[in-house]
Amino acid sequence: MRHNRPARRAFTLVELVTSMAAASALLAGIASTLFVALRASNPASTPAASMLQALSCMADAAAELQYAQAVTESTARSITATVPDRADVDTAPEIVRYAWSGVAGDPLTRTYNGGTAARVIPSVQSFAIEYFPSAIAPKYVTVRIQPTTGTRSVVETSISLLNL
């Protein structure tokens, strides 16, 4: 005697639960591996982070130099400017200096009122400043920064000096 069984058309509950448990274990293993890999990497050393740092430095320099009252030093690797008082203890104008040694990998530094030079960008591939004093046209400064960390991109801006 033959039994005609209908063809199986679905999974049993036990098969579904077993496959879901196996998939969950696999996903948990992949997630923990990614977590460990992300914790081991240093996001501050990526090219994007160094470009953001250069852009931030450029914005700060532009904000300071734009209102410079005088430029007392201007070389290819440094600029010193007198900027309006920052409402600190004295009422005298402030002196700001940006400088780079010229050696690839050295930091770009900022000195405020002759104090200690602070690192603005820890490692720079190239840095250039061009000061264009003019009797007829507005005076301006062009600043160009190339961070070291794995990028060929250059950040450049021209800053009009409004108070000169």
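Coordinates for the structure precede this section.
1. Thoughts on the overall build of the protein chain
Within the protein chain, the secondary structure is distributed over 2 helices and 8 strands. Across the 164 residues in the protein chain, those meeting the buried criterion constitute 24%. Intrachain contacts of the protein chain at a sequence separation of at least 6 include 35% that bridge at least 24 residues. About 10,900 Å² of surface is accessible on the protein chain, with carbon and sulfur atoms providing 61% of the total.

2. Examining the nonpolar core
By size, the foremost hydrophobic cluster in this structure holds 26 residues, and its most contacted members are Ile-79, Leu-108, Ile-121, Val-124, Phe-127, Val-143 and Ile-145. Residue assignment for this core shows that the elements contributing at least two residues are α2 (47-65), β2 (78-83), β3 (94-100), β6 (124-132), β7 (140-147) and β8 (155-160). Per-element accounting of this core gives the leading share, 7 residues, to α2.

3. So, the sheet that holds β2
Here 5 strands make up an open sheet; going across it, the order is β1-β2-β3-β4-β5 and the pairing antiparallel. The sheet is open, and its two edges are formed by β1 (70-74) and β5 (118-121), each paired on a single side. Ignoring which end each strand starts from, the neighbouring axes of this sheet average 25 degrees apart. On the sheet, α2 packs against β2, β3, β4 (108-112) and β5 and is oriented at approximately 115 degrees with respect to β5.

4. What about the pairing of β1?
With 4 bridges joining them, β1 and β2 adopt antiparallel strand pairing. Its bridge partner lying in β2, Ser-74 is registered against Ile-79. Following β1, the chain reverses through 3 residues before pairing antiparallel with β2.

5. So, the sheet that holds β8
In any sheet, the strands associate via hydrogen bonds between backbone groups, in a parallel or an antiparallel arrangement. Spatial strand order, β6-β7-β8: 3 strands in an open sheet with antiparallel pairing. At either margin of the open sheet sits one strand with a lone partner, and together these are β6 and β8. Within this sheet the neighbouring strands show an average axis-to-axis angle of 10 degrees, counted without direction. Taken together, the 6 bridges between β7 and β8 define a ladder with antiparallel strand orientation.

6. Some points on the environment of Ile-145
In this structure, Ile-145 sits in strand β7. Taking relative accessible area as the criterion, Ile-145 reaches 1% and is therefore assigned buried. Sequence spacing of Ile-145 and Thr-157 is 12 residues, and the spatial spacing of their C-alpha atoms is 9.3 Å. In this structure Ile-145 touches Ala-54, Cys-57, Met-58, Leu-108, Ile-121, Val-124, Ser-126, Phe-127, Ser-153, Val-154 and Val-155, once residues within four positions along its chain are discounted.

Definitions and limits used
Residues numbered from 1 in each chain as written. Predicted model: local features only at pLDDT ≥ 70, side-chain atom pairs only at ≥ 80, totals over all residues. Heavy atoms only, no water. Helix = DSSP H or I, 4+ residues; strand = E, 2+ residues; numbered from the N terminus. Buried < 20%, exposed > 50% of the residue type's maximum accessible area, 1.4 Å probe, protein only. Contact = heavy atoms within 4.5 Å. Areas by Shrake-Rupley, 256 points an atom, 1.4 Å probe, with all protein chains shown as cover. Core = buried A, V, L, I, M, F, W, Y, C linked by side-chain atoms within 4.5 Å. Pairing = 2+ DSSP bridges. Axes fitted to C-alpha atoms, helices over the stretch in contact; angles between N-to-C directions.

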